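What follows is each chain in one-letter form.
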Amino acid sequence: MSITEKGLKKIIAKLQNEDTWLTFGEGILKIIAIIIVAQLLIRFGKVMIHNIFKIRNISPLRTNVRREETLSKLLDNILSYVVYFIAFLTILSVMNIDVKALLAGAGIVGLAVGFGAQSLVKDVITGFFIIFEDQFSVGDHVRIGQFEGNVETIGLRTTKIKSWTGEVHIIPNGSILEVTNFSINNSVAVVDITIPYKEDIEKAQRVIEGLLETMPERYGELVKRPELLGVQNLGPTEVTLRIVAETQPMQHAALARNMRKDIKLELDQNGIDISYPRVVMLSKDPVTGV
Amino acid sequence: MSITEKGLKKIIAKLQNEDTWLTFGEGILKIIAIIIVAQLLIRFGKVMIHNIFKIRNISPLRTNVRREETLSKLLDNILSYVVYFIAFLTILSVMNIDVKALLAGAGIVGLAVGFGAQSLVKDVITGFFIIFEDQFSVGDHVRIGQFEGNVETIGLRTTKIKSWTGEVHIIPNGSILEVTNFSINNSVAVVDITIPYKEDIEKAQRVIEGLLETMPERYGELVKRPELLGVQNLGPTEVTLRIVAETQPMQHAALARNMRKDIKLELDQNGIDISYPRVVMLSKDPVTGV
Amino acid sequence: MSITEKGLKKIIAKLQNEDTWLTFGEGILKIIAIIIVAQLLIRFGKVMIHNIFKIRNISPLRTNVRREETLSKLLDNILSYVVYFIAFLTILSVMNIDVKALLAGAGIVGLAVGFGAQSLVKDVITGFFIIFEDQFSVGDHVRIGQFEGNVETIGLRTTKIKSWTGEVHIIPNGSILEVTNFSINNSVAVVDITIPYKEDIEKAQRVIEGLLETMPERYGELVKRPELLGVQNLGPTEVTLRIVAETQPMQHAALARNMRKDIKLELDQNGIDISYPRVVMLSKDPVTGV
Amino acid sequence: MSITEKGLKKIIAKLQNEDTWLTFGEGILKIIAIIIVAQLLIRFGKVMIHNIFKIRNISPLRTNVRREETLSKLLDNILSYVVYFIAFLTILSVMNIDVKALLAGAGIVGLAVGFGAQSLVKDVITGFFIIFEDQFSVGDHVRIGQFEGNVETIGLRTTKIKSWTGEVHIIPNGSILEVTNFSINNSVAVVDITIPYKEDIEKAQRVIEGLLETMPERYGELVKRPELLGVQNLGPTEVTLRIVAETQPMQHAALARNMRKDIKLELDQNGIDISYPRVVMLSKDPVTGV
Amino acid sequence: MSITEKGLKKIIAKLQNEDTWLTFGEGILKIIAIIIVAQLLIRFGKVMIHNIFKIRNISPLRTNVRREETLSKLLDNILSYVVYFIAFLTILSVMNIDVKALLAGAGIVGLAVGFGAQSLVKDVITGFFIIFEDQFSVGDHVRIGQFEGNVETIGLRTTKIKSWTGEVHIIPNGSILEVTNFSINNSVAVVDITIPYKEDIEKAQRVIEGLLETMPERYGELVKRPELLGVQNLGPTEVTLRIVAETQPMQHAALARNMRKDIKLELDQNGIDISYPRVVMLSKDPVTGV
Amino acid sequence: MSITEKGLKKIIAKLQNEDTWLTFGEGILKIIAIIIVAQLLIRFGKVMIHNIFKIRNISPLRTNVRREETLSKLLDNILSYVVYFIAFLTILSVMNIDVKALLAGAGIVGLAVGFGAQSLVKDVITGFFIIFEDQFSVGDHVRIGQFEGNVETIGLRTTKIKSWTGEVHIIPNGSILEVTNFSINNSVAVVDITIPYKEDIEKAQRVIEGLLETMPERYGELVKRPELLGVQNLGPTEVTLRIVAETQPMQHAALARNMRKDIKLELDQNGIDISYPRVVMLSKDPVTGV
Amino acid sequence: MSITEKGLKKIIAKLQNEDTWLTFGEGILKIIAIIIVAQLLIRFGKVMIHNIFKIRNISPLRTNVRREETLSKLLDNILSYVVYFIAFLTILSVMNIDVKALLAGAGIVGLAVGFGAQSLVKDVITGFFIIFEDQFSVGDHVRIGQFEGNVETIGLRTTKIKSWTGEVHIIPNGSILEVTNFSINNSVAVVDITIPYKEDIEKAQRVIEGLLETMPERYGELVKRPELLGVQNLGPTEVTLRIVAETQPMQHAALARNMRKDIKLELDQNGIDISYPRVVMLSKDPVTGV
């Protein structure tokens, strides 16, 4: 136990020694300096990246406009990782910690770190392939798991998605399994109309077809004339008719709202009612007579 | 700590040295050149792949038409992976990074990378077997997990599926466990009709059978005469009759819509009502008399 | 960096050298030849396998008819794996890639591949035991997880199941945990009939028992006389009677449809109504008098 | 590349050489012979196992009748595994494959196999403990996960359960976590009766108690007099009374059906109605007067 | 291939040799003898264990009565594991199998076994801590995952729970994560009473409070006077009042049944109705007048 | 096989030897002595721990009252682990088992144990951090996963929570991921009141606001005046108003009950009805006239 | 066994030896001293950290106000970890335990610890990246998994979130996968209004649009004029109109409450009713005439 005593004495002696405090202060100052330099480097680097992309935009080398912003934001992201990583190693060496020996001295610690860090590695690998395979770009409307929205940034480790109600979803790339991208192809608006069984299905279809005919000229986002598919379902009290309309990407929600209103008004004008739930009430039990 | 000081001085000295900037600039230029060459190679390679498939199409060697497009898109995919992989290694060597030493210097880093990369390896292995076993080809209508649509491309690492409403689902091959392929066999349209308990079941069956008899001549996509299976369910207020019809692959949804309309009209003409929900209302409690 | 320069120069020199292109072309031709030979071998092998099974069918060695088709399809499957595997190794050697060194040079790559390939190994092991333990054969009606249908092929790595609506489910063997096989034993048709509380339960039971008595002579797929189990449930407004009938494998769905219709008609003829939902309506609150 | 050429030439030379075909044919014959011998051994072994169990049944050594069938089927199962395993090794040696070297030459392959085979090992270990701890025997009614039925066989790797509707569930032992065994203790039939709030609870209880008194003499499977627990629930429109009855194992479902019918008839005779759903309808809003 | 031939000849020679059969028979006899001895040892051991616990019950050393049965059953369990484990090793040595070499010859097999056996080890470790930490004892009423009932035995590897309807749940200890023990503390009976909005809440509360006052003298299992908490919920058509009553462990279900009946009768006598669902019916739409 | 024979003879010889039994009895006695000493040590230690905490309570060193009980119970827990662990090792050495050799002789067994014990290690690590980070203390009301109640003890391996209905939940610390602690901050009582669409929202708000004004003086647990947030929802037949009230920790449930009753009575006095479900009944279909 | 005897004697001898107790007492005192020093260091350190942040706030170096509090709380957290970690190692050395040897002596223990500690390592790595990538700061309103609230502290190992009802959720950083941050962008209030089919949709839209026009001047938290999107849904008995309004972060809930009330009152004044559920009652079955 005398080792501890010695240790305590040494610590106290060190704390009373002026040099300790000088060295300590010097170390603190160096660390602060490193952090400031790192931040300046990142700011400077970001300005450069944006300038390069500006120049590139007027050069003949330009390829895919959609990936420009993705790459620009990714380079910002990589830059800050690299600069801070180097700054971190430098700070460790200021604090007299030998990183190499740390990483080599595996044993239990190495096992735990190796396993604990695997999800970090997976994040970076998956992130790399998301960008490389162009699964989605900044600005695309995507759904990842339960989150849906526009991609804000694709980083090395995380992707940020902004939903239409304003919140930002931050998803580690390693958690991104299936991705649904809404911005690559045209979208399809789907409108279901229910009419009662008593209505004439064929008349209702004629009325709707007549209306659909006039839509392409009114709605520019329509890629082609909407289509009345037919009787989608025979429900307990109603017939469901389905209409689909191909639109430019992500225009389907707005168009469907307009179509719903138009068809409702048209059916009203033609005396075709949208179906209410219906129930047959038997006030007496026809068999027992009670 | 003098090591860090020295390090800082060296860095400053280097930053002031013109050679550093020249070498730096030269490296940047080389990297840009590599990227450009890689992109040119990929474009050139893709043109070649498509030409080969065109030639092959007129040769007597041709085997399975359905796999042609799959293979063509896969080769594009492999080409870009291989070219970019080589380009990436070249860039690393331009940046004076020794890849071999990196991979050999396992320890903690190796453990983390090995574990983190296992899902990447699994993606490639599974992707290879999807193509090799011909589980599905480009153009097939499939369901994978919760996603359904037409296969757009099968890549080494991911498969892209386009749903009928336009969105593209990008699925890592390693996440593809069970696959349901709708394009291999004929499809079956299933139509359930509910009639009230009061209706004559046998009459309803005769009416429907009569209608089914006329269907094959009207609907070309029918493989054989639809079949009335019988009483599928005795619900709380209705009898459910089930009709099935074998059609050519993926024609069942459209046919079912037509069948629903036809049967509804036929039953109307024969005075057989589709069942509404029914409830017996007892305005007094028969026992307590309240 | 001169190494890269040299590398670039070498590449350019090589590209300008005619021999490179000759060797390249020769390699391509060899690969094509290998693929063609592999395909011919597989076709030839499949013909042989089917002939062997034909001969075997007339030999006295024949054992289990149900496993014949399973084995025949499995041998096809193994044949193509083995031939393509050898072709793949040959192509790698044409491309001057040393497979053995690859597999031996473990390190990070080996770790990742070893982990990534474990599900492939699991698929093959499980597949082997499915066939060896005769869990199901080609043609059996099975349910695996959420998929149900007839087994089309059992391969080394995947099993294909065709559902009754036509789609093919492809399931990696390693994902097959619990299997439900419907083709081994007789099936049981279960029919639930609801009658109102007001009906005489004992009369209804007598009527149904009388009908069940006549069923075995009408339905050949019945293994024995159906059984009326009794009052399965006292629901909110109805009594549920359960009838069960043992049939030959997978005949229960068709039989249940016929039984439902027969019992409904019989009850109608005996004036016993199937129960409608019933509700007691109190138009005034008996306590507050409002 | 000359290596491949040589390889191809060698293969062609071998294919033209008669000896190759002879050796090949000899190998095929040997393999067939091994398979036949293995099958004969298994058949012979199974007959022996059954005879041993027959002898044992008349010996004084006999212990637990319930485990006899389990052990007999398990020995069949182990026998076929052992015989086929030895036959498999012999076939491999006929094909000149050195198994030991395969297993020793670990590396990537070993890692993958070791991981892939762990679920196989887990199956066998769990299977062993299921039998050793007598968790269930052949013939017991059990529920494992979502599957319920009678145990058909307990094998080293899988357990087969036959449900009452005829299908066979095949479950790998390693997937068997929690087991529910219904055949060890007496079962309890639970019958819930709902009466309207307006009924006299105490009278209803007296009527039911009177009926329960007479049950033990009528139903032999009753272990003791059923018990009326009391008011299990005060629902929105009804009072729920719960009756429980201890029966011999797995007799509870049949007994409960009889009890439901008996109680329903008894309540009818005593003028106590089973409760219908009840709703107070206010045709005017008492406050706003609309 | 001559090796196999030799192997076959050797086997045949061995089978013809009388010694082989003698040795074989001798081995079988020894194995049977070992099994019999093992069973006798276990029976003898179990008797001893129970005697020790009987003696202990009269000694002054006695500590925790609740753990006695747990320990007694556990010792039985450990005894049979130890005896059978030694018997198993002896049988292996009779069969000339060198266990040590097996365990040492790791490689692929060792990897698979090590991984496959980890859940077995986890079972034993968790089982040990369940007993050591006295999480529950034999006889306690517990809920583990989805299973609830009285603990029958706690073994080294599995725990058996008997539900109140008679089935036995067998749970591997490693699957026991969260345990809920109902037998340590007093239980609380919770009774919710709904009254219509039209009733006087304060009067209802007075009536119920008056009843609760009389309960402690009638129900001995009550630990203290039940408490009327107040208005638990304002539902769509009713006010819910909550009453709680602390009882001796596991007496709450029976007490709650009695309380429900008592309160229902008391409210009836005071003219306070339990609430029925209520709905305001507007026979005309007050706005459109249709 | 003679080895086994010798082994059996040796065992029999040993069993006949008196010394064996003496040594055996001596060992048993030692083990019993060790267990008794261990139990005495634990009892003595627990008394000491409680005395230390009593002294500390009057010392000026006292810091955080809330953690006292946590630490006291934890020290009890650690004490018994340490004492029993040492006792266990001593017993093993009495039984001549060399623990060190066991742990060193890794191989397959070591792999299995290492993997199987990882959840034990995880429990202890997580438990340590729960206490160190003061996530919750004994007496706090917490929710962990699906379990909610007051913390009884925090041990090294498990945490015990007592729910308000009396049952004790025992949760391994390693299973504690997210913890919700209700005892750190003030709680908020949330009361939702529904009024019919026909009522005057502004009048209802004025009435409620007037009542809320008087609450702080009546309910001491209120931290500040409750707040009427406004129209939380426009339901199918009602307007929902939300009132929130900040209370002292865990007082919100009781306060909400009082608030519900007060607001109900206040609205009654002001002639504002709480909303019943409302439905518009159209006795004729306004369009088809049926 | 004499070893144990010796061990016991030694222990007794030691317990009788005064020195043992002195050393023991000395050790206890040292441990207490270490704990006190550690606590003093942490208090002193926390004061320093807060002073540094105060100074920084007036310095020109100041960068991102939002991260200040995060960093301040994080430094507190790191400080206590580091001080206690050093204290822990010192205590271990006081107790003569050689930590280095412990960590080096891997074997089974090392495997278990390495695996068990991986989630701890993962917590720290993920925590580091949460702060480094500025996923959220102290004070932000976030949703992590099923928990939502304001961030209280971000520690190295856990993050604390305070929900609006007062409870504190403590989440290990390693369990934080997807994060949703509500405080970065403006929020969007979504209000759905249902009107009956009989109402004039266009009139309702005009009335609402007129009201929305006046909102920006009344509600300062509105970023721009709310928007009436159109017919969001055609329900069974009603038309749903959707209004969205962009607000400052986290103001949407309060604004939506006001908007609901305003729109309800406005529609009332314009005689447009909010829709009640509607049902068509057919008192006779129109077909069968019963």
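Residues numbered from 1 in each chain as written. Chains lettered and ligands numbered in written order. Predicted model: local features only at pLDDT ≥ 70, side-chain atom pairs only at ≥ 80, totals over all residues. Heavy atoms only, no water.

By the naming in an unreviewed UniProt entry, chain A is Mechanosensitive ion channel family protein, taken from Neobacillus citreus. The UniProt entry for chain A carries the following comment under Function (unreviewed entry): "May play a role in resistance to osmotic downshock." (UniProt positions renumbered as here; feature names shortened; annotations may be inferred.)

A. Fine view of the relation of the copies chain F and chain G. Of the two same-sequence chains, chain F is brought onto chain G (RMSD 0.0 Å, axial shift 0.0 Å) by a rotation of 51 degrees. Interface overlap between copies: only 16% of the residues of chain F at the interface are likewise at the interface in chain G, consistent with a contact formed by different surfaces. (Least-squares fit on C-alpha atoms with pLDDT ≥ 70 in both. Contact = heavy atoms within 4.5 Å.)

B. Inspection of the sheet that holds strand 7 (residues 227-234) of chain A at higher detail. If you walk across this open sheet you meet the 3 strands as 6-8-7 (chain A), and the pairing is antiparallel. Each having just a single partner strand, strand 6 (187-196) and strand 7 of chain A make up the two edges of the open sheet. Along the sheet, successive strands turn relative to each other by an average axial angle of 25 degrees, direction set aside. In this structure, strand 7 of chain A lies alongside strand 8 (residues 238-247) of chain A, joined through 6 bridges in antiparallel fashion. Paired with Glu227 of chain A across the strands is Val244 of chain A, a residue of strand 8 of chain A. The strands touched by helix 8 (residues 252-269) of chain A within the sheet are strand 6 and strand 8 of chain A, with strand 6 of chain A carrying the most contacts at an inclination of about 25 degrees. Running at roughly 65 degrees to strand 7 of chain A, helix 8 (residues 252-269) of chain B makes contact with strand 7 and strand 8 of chain A of the sheet. (Pairing = 2+ DSSP bridges. Helix = DSSP H or I, 4+ residues; strand = E, 2+ residues; numbered from the N terminus. Axes fitted to C-alpha atoms, helices over the stretch in contact; angles between N-to-C directions.)

C. Examining the sheet that holds strand 7 (residues 227-234) of chain C more closely. Residues and elements named next belong to chain C. Here we have 3 strands laid out as an open sheet, ordered 6-8-7, and antiparallel in their pairing. Of all the strands in the sheet, the pair left with one neighbour each is strand 6 (187-196) and strand 7. On average, each strand axis in the sheet is tilted by 25 degrees relative to the strand beside it, whichever way the strands run. Running over the sheet, helix 7 (residues 201-218) touches strand 6, strand 7 and strand 8 (238-247) and is turned about 145 degrees from strand 7. Each of strand 6 and strand 8 is contacted by helix 8 (residues 252-269), which is oriented at about 25 degrees to strand 6, the strand it contacts most.

D. Helix 7 (residues 201-218) of chain G, seen in detail. All names here are of chain G. With 18 residues, helix 7 ought to run about 26 Å at 1.5 Å a step, and its terminal C-alpha atoms sit 26 Å apart, in line with that. Along helix 7, the positions that sit buried rather than exposed are Ile201, Ala204, Gln205, Val207, Ile208, Leu211, Leu212 and Met215. An end-on view of helix 7 places all buried positions within 160 degrees of arc, on one side of the element. Among the exposed residues of helix 7, those oriented more than 90 degrees off its buried face are Arg206 and Glu217. (Expected span 1.5 Å × (residues − 1). Buried < 20%, exposed > 50% of the residue type's maximum accessible area, 1.4 Å probe, protein only. Arc of directions from axis to C-beta.)

E. Spotlight on the interface of chain G and chain A. Contacts between the two partners involve 63 residues from chain G and, on the opposite side, 53 residues from chain A. When chain G packs against chain A, close to 5,400 Å² is buried across both sides, 66% of that on carbon and sulfur atoms. In this structure, the connection of chain G to chain A is made through 2 salt bridges. Inspection of the chain G/chain A interface yields 13 residue pairs in polar contact (both at pLDDT 80 or more). Here the side of chain G that touches chain A is built from residues that sort into 31 nonpolar, 20 polar and 12 charged. (Buried area = accessible area lost by both parts, 1.4 Å probe. Salt bridge = Lys/Arg side-chain N within 4 Å of Asp/Glu carboxyl O. Polar contact = N/O pair within 3.5 Å; in protein donor to acceptor, adjacent residues only side chain to side chain. Nonpolar A, V, L, I, M, F, W, Y, C, P; charged D, E, K, R; others polar.)

F. Broad picture of the environment of Ala38 of chain B. All names here are of chain B. Summarising the element assignment, Ala38 is placed in helix 2 (residues 18-58). Separated by 46 residues in the primary sequence, Ala38 and Tyr84 place their C-alpha atoms 6.5 Å from one another. With residues up to four places along the chain from it excluded, the contact list for Ala38 reads Val83, Tyr84 and Ala87.

G. Expanded view of the nonpolar core. Counting 217 residues, the largest nonpolar core has Leu241 of chain A, Leu241 of chain D, Leu241 of chain E, Leu241 of chain F together with Leu241 of chain G as its most contacted members. Those residues within four positions of Leu241 of chain F in sequence are excluded, and the remaining contacts are Val191, Asp192, Ile193, Ile195, Ile201, Ala204, Gln205, Ile208, Leu228, Gly230 and Val231 of chain F. Phe129 of chain A, Ala112 of chain B, Ala117 of chain C together with Val121 of chain E belong to the second-largest nonpolar core, a separate cluster that totals 47 residues. (Core = buried A, V, L, I, M, F, W, Y, C linked by side-chain atoms within 4.5 Å.)

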